Amino acid sequence: MPRLLHVVGARPNFMKMAPILRAPSPQPVEHVIVHTGQHYDAAMSDAFFRDLALPAPDVNLGVGSGSHAAQTGRMLIDLEPVFDRYAPDWIVVYGDVNSTLAAALVGQKKGMKVAHVEAGVRSFDRTMPEEVNRVLTDQLAELCLTPGAAADRNLRREGIPDERIRTVGNVMVDTLLALRPSAAKLGVPAQMGVASGDYAVATFHRAGNVDDAVTLAALLAGLAHVARVMPVLFLVHPRTRQRIKDFGLEEKAPGVRLLNPVGYLETVGLVERAALVVTDSGGLQVETTILGVPCLTARPNTEWTETIESGTNRLVAPTLEAITAAFAEVRAQKRAQVAPPRPPLWDGRTAERILALLV
Ligand code: UD1
């Protein structure tokens, strides 16, 4: 039986792996789950395993937080004996986090086959750690599984030959479409005391936004501006919570509800009924596009160009002025009654196509 060894470590990896464990496979397949432990808080990891009904990892390396060098280095050392022990037919890595690059590097150097899910996605901003992880992982992977034509072009431009590129679609959409009904049933907006269609959801965690006091203060001021018009539920990543404390910015977001991160189902349940999302997350840009919710992305660039073309997502500078202006524009626009057309292959069947290639 072919053995697939999945390496995951951080919140956005879990929802990308979930549909592959469940998709119909052309023949029986054995899945081994290796969690690096990059994310370890209940809200960042356990909640996702629960919501996505994922089996417990076969191995948890418990690597934890640290500088990029320390974290990635520990993963390199600890993954090697695991790959030896399981001798998988494929090592499957997801997205762009440090765990992704570490696993691809160890696997490729051991002569094992590595498949990269969400290959070819580029922001062209090498100051982002995620961009470095993406570029290097694609160079290493035997098989680059891409979400669409734009990613294919990026890979060809970087000299990746066609035989290593397969267009499979966006696996995050599989998870969203499968779990959207269960998320809606939870009635999360009511539980949180907000009225459907009349609140904003915010998340920020990128180093470029939250590690700089001036930028983080401006983002909080932007949210405070939105909170004068509608409730703002800010789901605060642990890194962001720490920075708010470090920089003494606790009082800089009057009216904004600073909440702990919530699980996958609660997030989708909240986002689906929101009037607006303000974020720097890659996943939320994709999810708001599928759900037809206006999204302001506080970044100078995005790797998800399809979400801009669909009209749901727009980039805003991380300043009070830019957020205020963009918020006014979103308010003035009549909200489309139907979600925008989905990009090709963002259809909920990506995991099936991936398994057909790997098994
Ligand atoms: C990582 C990914 C990013 C992804 C994000 C999703 C990289 C380079 N970045 O960023 O692409 O969008 O995950 O959340 O891999 N922390 C906790 N508890 C946890 C995890 C983190 O308190 O369970 C705190 C620690 O202080 C840690 C900090 O958050 O130092 C940053 O965690 P880290 O995994 O290094 O990166 P993220 O910012 O989460």
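The structure we're discussing is the one just above.
### Re the packing of helix H4 (residues 98-109) against helix H5 (residues 129-140)
Link 1 in the chain: As a packed pair, H4 and H5 sit with axes 9 Å apart at the nearest point and diverge in direction by 25°. Judged by the inter-axis angle, H4 sits roughly parallel to H5. H4 and H5 meet at a crossing whose hand is left-handed. Every residue of H5 that contacts H4 at Asn98, Thr100, Leu101, Ala104, Leu105 and Gln108 is listed here: Asn133, Leu136, Thr137 and Leu140.
Link 2 in the chain: Among the residues making up the contact of H4 with H5, the classes are represented as 5 nonpolar, 5 polar and no charged.

### Digging into the packing of aromatic side chains
Link 1 in the chain: Following the criterion strictly, the structure yields 4 aromatic pairs and no others.
Link 2 in the chain: Pairing phenylalanine 48 with tyrosine 264 gives two aromatic rings, centres 6.4 Å apart and planes at 70°, and the pair type is edge-to-face. Placement of phenylalanine 48 in helix H2 (residues 42-51) and of tyrosine 264 in helix H12 (residues 264-272) is noted, with a sequence separation of 216 residues between them.
Link 3 in the chain: Overall, the relative accessible area of 5% leaves phenylalanine 48 in the buried class.
Link 4 in the chain: Between tryptophan 304 and tryptophan 346, the ring centres sit 5.8 Å apart and the planes meet at 85°, which makes this aromatic pair edge-to-face. With tryptophan 304 in the loop between strand S12 (295-297) and helix H14 (305-309) and tryptophan 346 in the loop between helix H15 (320-332) and helix H16 (350-358), this residue pair connects regions lying 42 residues apart in the sequence.
Link 5 in the chain: Classification of tryptophan 346 as buried rests on a relative accessible area of 1%.

### Let's talk about the sheet that holds S12
Link 1 in the chain: With parallel pairing, 6 strands are arranged side by side in an open sheet as S10-S9-S8-S11-S12-S13. Across the chains shown, the open sheet's two edge strands, defined by having one partner strand only, are strand S10 (256-259) and strand S13 (313-315). Going from strand to strand, the sheet's axes swing by 20° on average, the running direction of each strand aside.
Link 2 in the chain: As paired strands, strand S8 (residues 200-203) and strand S11 (residues 276-279) are joined by 4 bridges and run parallel to one another. Following the sheet pairing, alanine 202 is matched in S11 by valine 278.

### Describing the side chain of aspartate 51
Link 1 in the chain: Inspection of the secondary structure assignment puts aspartate 51 in helix H2.
Link 2 in the chain: Polar contacts involving the side chain of aspartate 51 include one to the main-chain amide nitrogen of leucine 265, which spans 2.9 Å.
Link 3 in the chain: Each residue touching aspartate 51, except ones within four places of it in the same chain, is listed here: Leu179, Gly263, Tyr264, Leu265 and Glu266.

Reading guide: rules and limits
- Residue numbering note: each chain is counted from 1, following its sequence as written.
- This being a predicted model, a pLDDT of at least 70 is required before a residue's local features are given, and a value of 80 or more before pairs of side-chain atoms are given or counted; all residues contribute to the totals for chains, interfaces and linings.
- With hydrogens and water stripped out, all remaining heavy atoms of the structure feed into the side-chain values.
- Here an angle of 0 to 180 degrees is reported between the N-to-C directions of two axes, which are lines fitted to C-alpha atoms, with helices fitted over the stretch in contact.
- Where helices and strands are cited, they refer to DSSP runs of H or I of at least four residues and of E of at least two residues respectively, numbered from the N terminus.
- Orientation categories follow fixed angle ranges, with anything under 35 degrees roughly parallel, anything over 145 roughly antiparallel, 65 to 115 roughly perpendicular, and all other angles oblique.
- Crossing handedness is read from the near helix: turned anticlockwise from the far helix by less than a right angle, it gives a left-handed crossing, and turned clockwise, a right-handed one.
- Note on definitions: a residue-residue contact is assigned when non-hydrogen atoms from the two residues lie within 4.5 Å.
- In this classification, the charged set is Asp, Glu, Lys and Arg, the nonpolar set is Ala, Val, Leu, Ile, Met, Phe, Trp, Tyr, Cys and Pro, and all remaining amino acids, among them Gly, are polar.
- By convention, a stacked pair of Phe, Tyr or Trp rings (six-membered ring in the case of Trp) has centres within 6.5 Å and planes under 30 degrees apart, an edge-to-face pair has planes over 60 apart, and any other such pair is tilted.
- Burial classes: relative accessible area under 20% of the type maximum marks a residue as buried, over 50% as exposed, and values in between as partly exposed (1.4 Å probe, protein chains only).
- Two strands pair if DSSP finds at least two bridges between them.
- Polar contact is the term for a pair of N or O atoms within 3.5 Å; when the atoms are in protein, one must be able to donate a hydrogen and the other to accept it, and sequence-neighboring residues count only if both atoms are side-chain atoms.

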